[in-house]
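Spelled out, the chains give:
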Amino acid sequence: MPIRWLSPSPSSPRFPTADWQTACQRVALLNTLGHEEAEQLGQRAWQFLAQKRISFHPDLKEMAFDRPAYLVLAGQACLLTLGWSNFEHTDAFSNVHEIILLPDGFTRQVEEMDEFGVMHEYTDSRAGETSYQGPVVLSFTDLMQSGGFNGYNILIHELAHKLDMGNAVDIDGFPPLPNSITPAEWHGVFSGVWNDLQDRLQRGQPTPIDDYAASHPGECFAVCCEAFFCAPAILADAYPDLYGLLCRYFNQQPLSRFQR
Ligand SMILES: [Zn+2]
């Protein structure tokens, strides 16, 4: 699959203020930021684009991906680490090298061994995927559905996996934690959410967040990150302890943006 790389800033190293303003107006997640937050995020998004490769499937070549569109992408990526220092932000994304956009969802042949040692093969449908030092692969269709307060954000989801893999080669729902959060506290809060999701599914009840969170501890963390930024009111209502923990982990208060 040949992939093209396009640079959003071929010649101008200067921060594109007007393009960033346009980018913020395009998606609610960026448009509800306070002035200072927006300014800091814009600088980081611009830097992100200079450091990371953004590649496109050839079928997307006719698509007009203008500079604000690049900034919308990078802005949502850097939203995750906006509450962290420049060093922490750079360090957290040091395992992000490339973002590849595919036209639509894609499938993978998966082989998995169950607890009895029996190998199962199946076709898995995906909107995104990533690995330890591998690229972040995203469906363009799903990326276009991301950016609002609808609880869904494929970019935040996959980058949450990258944060998770900051201390391990695979996802386990246990990213590197700040000193203010102990592993026991993290485990306790996430176990509470995990158990509630499993209970609800067993009883056939709806879950307050995407039930994909109940499939794996790593997916639980990624889905909770999506909900934290993109459906903060629902998350804070259903799991206030988790919302509070993630406020401290990310050093951000998305509920106040949502209410704006
Ligand atoms: Zn995932």
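In this report, we go over the structure that sits alongside the text. The structure displayed is predicted, hence computed values, not measured ones. (Residues numbered from 1 in each chain as written. Predicted model: local features only at pLDDT ≥ 70, side-chain atom pairs only at ≥ 80, totals over all residues. Heavy atoms only, no water.)

**What about the coordination of the zinc ion?**
Think of it this way: four donors in a tetrahedron around the metal ideally sit 109.5 degrees apart, and six in an octahedron ideally sit 90 or 180 degrees apart. Test applied: Coordination here is defined by N, O and S atoms within 2.8 Å of the metal (3.2 Å for Na, K and Ca), and since water is not considered, a site can look incomplete. Numbering of helices and strands runs from the N terminus; a helix is a DSSP stretch of H or I covering at least four residues, while a strand is a stretch of E covering at least two. Residue exposure (1.4 Å probe, protein chains only): buried if accessible area is under 20% of the type maximum, exposed if over 50%, otherwise partly exposed.
Protein-derived ligands of the zinc ion are H157 (NE2), H161 (NE2), E219 (OE) and E219 (OE), with the metal-ligand distances lying across 2.1 to 2.8 Å. Along the chain, the residues donating to the zinc ion are arranged with the sequence spacing H-x3-H-x57-E. One end of the pair is H157 and the other is H161, both in helix α7 (residues 154–164) and four residues apart, which spans about a single turn. We classify H157 as buried; its relative accessible area is 5%. Among the residues examined, H161 registers a relative accessible area of 5% and is labelled buried.

**Details of the environment of D19**
Put simply, the test is: The criterion used for residue contact is that any of the two residues' heavy atoms lie within 4.5 Å. Identification of polar contacts relies on pairs of N or O atoms within 3.5 Å, with a donor-acceptor requirement for protein atoms, meaning one able to donate a hydrogen and the other able to accept it, and with residues adjacent in sequence counted only if both atoms are side-chain atoms.
Looking at the secondary structure, you find D19 in helix α1 (residues 17–26). Judged by relative accessible area, which is 18%, D19 ranks as buried. Measuring from C-alpha to C-alpha, the distance between D19 and M113 comes to 49 Å, with 94 residues separating the pair along the chain. Once residues lying within four places of it in the same chain are set aside, the contact partners of D19 are R67, P68 and L71. Of note is the side chain of D19, whose polar atom sits 2.7 Å from the side chain of R67.

**Remarks on the nonpolar core**
Within soluble globular proteins, side chains that are nonpolar generally end up buried alongside one another. To keep it simple, the criterion reads: Remark: nonpolar core denotes a set of buried residues (Ala, Val, Leu, Ile, Met, Phe, Trp, Tyr, Cys) joined through side-chain atoms within 4.5 Å.
Counting residues in each nonpolar core, the largest one holds 75 residues, and the members touching the most others are L246 and F250. Setting aside residues no more than four positions away along its own chain, L246 makes contact with W186, F190, C224, F228, L235 and N251.

**Here's the deal with α1**
Which entries qualify depends on this criterion: Think of it as the arc spanned by the lines of direction from the helix axis to the C-beta atoms.
Within the span of α1, buried status applies to D19, W20, A23 and C24. Seen along its axis, α1 keeps its buried residues to an arc of 140 degrees; they face one direction. Exposed and oriented more than 90 degrees from the buried face of α1 are A18 and Q25. Contacts from the buried residues of α1 go to α2 (28–31), α3 (35–51) and α4 (67–79).

**Details of the packing of helix α9 (residues 217–230) against helix α11 (residues 240–250)**
Stated precisely, the cut-off is as follows: In this analysis, axes come from line fits to C-alpha atoms, helices being fitted only over the stretch in contact, and the angle between any two N-to-C directions falls in the range 0 to 180 degrees. When an angle is under 35 degrees it counts as roughly parallel; over 145 it counts as roughly antiparallel; between 65 and 115 it counts as roughly perpendicular; any other value is oblique. Classification used: nonpolar for Ala, Val, Leu, Ile, Met, Phe, Trp, Tyr, Cys and Pro, charged for Asp, Glu, Lys and Arg, polar for all others including Gly.
Between α9 and α11, the least distance of the axes is 11 Å, while the angle of their chain directions is 85 degrees. One element, α9, and the other, α11, form an angle in the roughly perpendicular class. For the pair formed by α9 and α11, the contact residues are F221, C224, C225, F228 and F229 on the first element and L242, Y243, L246, C247, Y249 and F250 on the second. Counted by class, the contact of α9 with α11 contains 11 nonpolar, no polar and no charged residues.

**Digging into the packing of aromatic side chains**
Stated formally: Any pair of Phe, Tyr and Trp rings, taking the six-membered ring for Trp, is counted once the centres come within 6.5 Å. Such a pair is stacked with planes under 30 degrees apart, edge-to-face with planes over 60 apart, and tilted for the rest.
The final tally for this structure, using the stated rule, is 18 aromatic pairs. Between W84 and F250 the ring centres are 6.1 Å apart and the planes differ by 15 degrees, which places this aromatic pair in the stacked class. Here the residue W84 occupies a position in the loop between α4 and α5 (86–92), and F250 occupies one in helix α11, the gap between them amounting to 166 residues. Of the two residues examined, W84 and F250, each falls in the buried class. Each residue in the set W84, W186, F190, F221, F228, F229, Y243, Y249 and F250 is aromatic and connected to the rest through ring pairs, giving one cluster.

**So, the pattern of salt bridges**
Formally: One side-chain nitrogen of Lys or Arg within 4 Å of one carboxyl oxygen of Asp or Glu is enough to make a salt bridge.
Applying the stated criterion across every chain, the model contains eight salt bridges. Close ionic contact of D19 with R67 constitutes a salt bridge, the shortest N to O distance being 2.7 Å. You can see D19 sitting in helix α1 and its partner R67 sitting in helix α4, a full 48 residues away along the chain. Under the relative-accessibility criterion, R67 is labelled partly exposed at 25%. A salt bridge links R108 to E129; the nearest nitrogen and oxygen atoms lie 2.7 Å apart. Placement of R108 in strand β4 (residues 106–113) and of E129 in strand β6 (residues 128–129) is noted, with a sequence separation of 21 residues between them. Linked by salt bridges that have partners in common, R108, D124, R126 and E129 make up one network.

**Let's talk about the side chain of N95**
Residue position: N95 is located in the loop between α5 and β3 (98–102). Beyond its immediate sequence surroundings of up to four residues, N95 is in contact with Y132, Q133, G134, K162, M165 and G166.

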